[in-house]
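Take a look at the letters that make up each chain.
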Amino acid sequence: MALKKKGRHYYGDSRADIRPELERYSKANKYPIERMDELRCPECGHERSHLILDEDAGAAVQCCVKCEHEVPLADSEEFLEEAELEQAECPCGNGAFEMAVGFAFYKDSTDVRWVYIGCRCPECGLTACYGDWKTP
């Protein structure tokens, strides 16, 4: 269980590798994650989902590969109406991910300042932040 850099991407062996990648990415973004939640389908418990997002609008939805249950991530529900959602895809062509959402908070607060969506492709192992945005 360790991230390995190949070219410009990082690759992991398991969903546990999403955390160090989000930590690395968020530190470089100057808003380090303080909490991370691994995502599974709340309906059936399946671990793989499609990611549908619009970073500019600050909106993302996880859609279970098994039962197709959709869940807006973080505060996305507020922005879905204006969002132009597109399904994320790994460079290898796979669109089903193991996912986690990370949060950075305002100083001395539990108010979310920045949201990070981390994904790991179970087909090739690519592990990356697929979306991030500042909350209003």
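Rules used in this analysis
- Residue indices begin from 1 for each chain and proceed along its sequence in written order.
- With the structure being a predicted model, the display of local features is reserved for residues of pLDDT at least 70 and the display and counting of side-chain atom pairs for 80 or more, all residues being used for whole-chain, interface and lining totals.
- With hydrogens and water set aside, each side-chain value is computed from the structure's full complement of heavy atoms.
- Elements are defined by DSSP. Helices are runs of H or I of four residues or more, strands are runs of E of two residues or more, and each kind is numbered from the N terminus.
- Note on ring pairs: Phe, Tyr and Trp rings are taken, using the six-membered ring of Trp, and paired if centres are within 6.5 Å. Classes follow the plane angle, with under 30 degrees stacked, over 60 edge-to-face and the rest tilted.
- Here the term buried applies to any residue with accessible area under 20% of the maximum for its type, exposed to any over 50%, and partly exposed to those in between, with areas from a 1.4 Å probe on protein chains only.
- Each ring is checked for a lysine NZ or an arginine CZ that lies within 6 Å of its centre and within 35 degrees of its normal; such an atom marks a charge sitting over the ring.
- Like charges within 9 Å and nonpolar side chains (Val, Leu, Ile, Met, Phe, Trp, Tyr) within 5 Å are joined into patches, using only residues over 30% in relative accessible area that form no salt bridge.
- For every accessible area listed, the method is Shrake-Rupley and the probe measures 1.4 Å; residues are considered covered only by the protein chains on display.
- A pairing counts as a salt bridge when a side-chain nitrogen of Lys or Arg comes within 4 Å of a carboxyl oxygen of Asp or Glu.
- Charged residues are defined narrowly, with Lys and Arg counted positive, Asp and Glu counted negative, and His plus the chain ends left uncounted.
- To locate a charge, the coordinates of NZ of Lys, CZ of Arg, CG of Asp or CD of Glu are taken.

### Topic: unusual backbone geometry
Leave glycine aside and you will find that most residues have negative phi; peptide bonds, for their part, are mostly trans.
Okay, so step 1: Located in the positive-phi region is Lys30, a residue other than glycine, with phi close to 75 degrees.
Okay, so step 2: For Asp108, which is not glycine, the phi dihedral falls at a positive 55 degrees.
Okay, so step 3: Summarising the element assignment, Asp108 is placed in the loop between strand 8 (98–105) and strand 9 (112–120).

### Thoughts on the packing of aromatic side chains
Okay, so step 1: Applying the stated criterion across every chain, the model contains 3 aromatic pairs.
Okay, so step 2: Pairing Tyr25 with Tyr116 gives two aromatic rings, centres 6.0 Å apart and planes at 80 degrees, and the pair type is edge-to-face. With Tyr25 in helix 1 (residues 18–28) and Tyr116 in strand 9, this pair connects stretches of sequence that are 91 residues apart.
Okay, so step 3: For Tyr116, a relative accessible area of 0% corresponds to the buried category.
Okay, so step 4: Judged by centre distance (4.8 Å) and plane angle (10 degrees), the rings of Tyr31 and Trp114 are stacked. You can see Tyr31 sitting in the loop between helix 1 and strand 3 (35–39) and its partner Trp114 sitting in strand 9, a full 83 residues away along the chain.
Okay, so step 5: Residue classification places Trp114 among the buried positions, given a relative accessible area of 14%.
Okay, so step 6: One residue, Lys6, lies across the ring of Tyr11, its end atom 5.1 Å from the ring centre.

### As for a negative patch on the surface
Okay, so step 1: On the surface, Glu55, Asp56, Glu84 and Glu86 cluster together into a negatively charged patch.
Okay, so step 2: When you line up the elements, Glu55 lands in the loop between strand 4 (49–54) and strand 5 (59–64).

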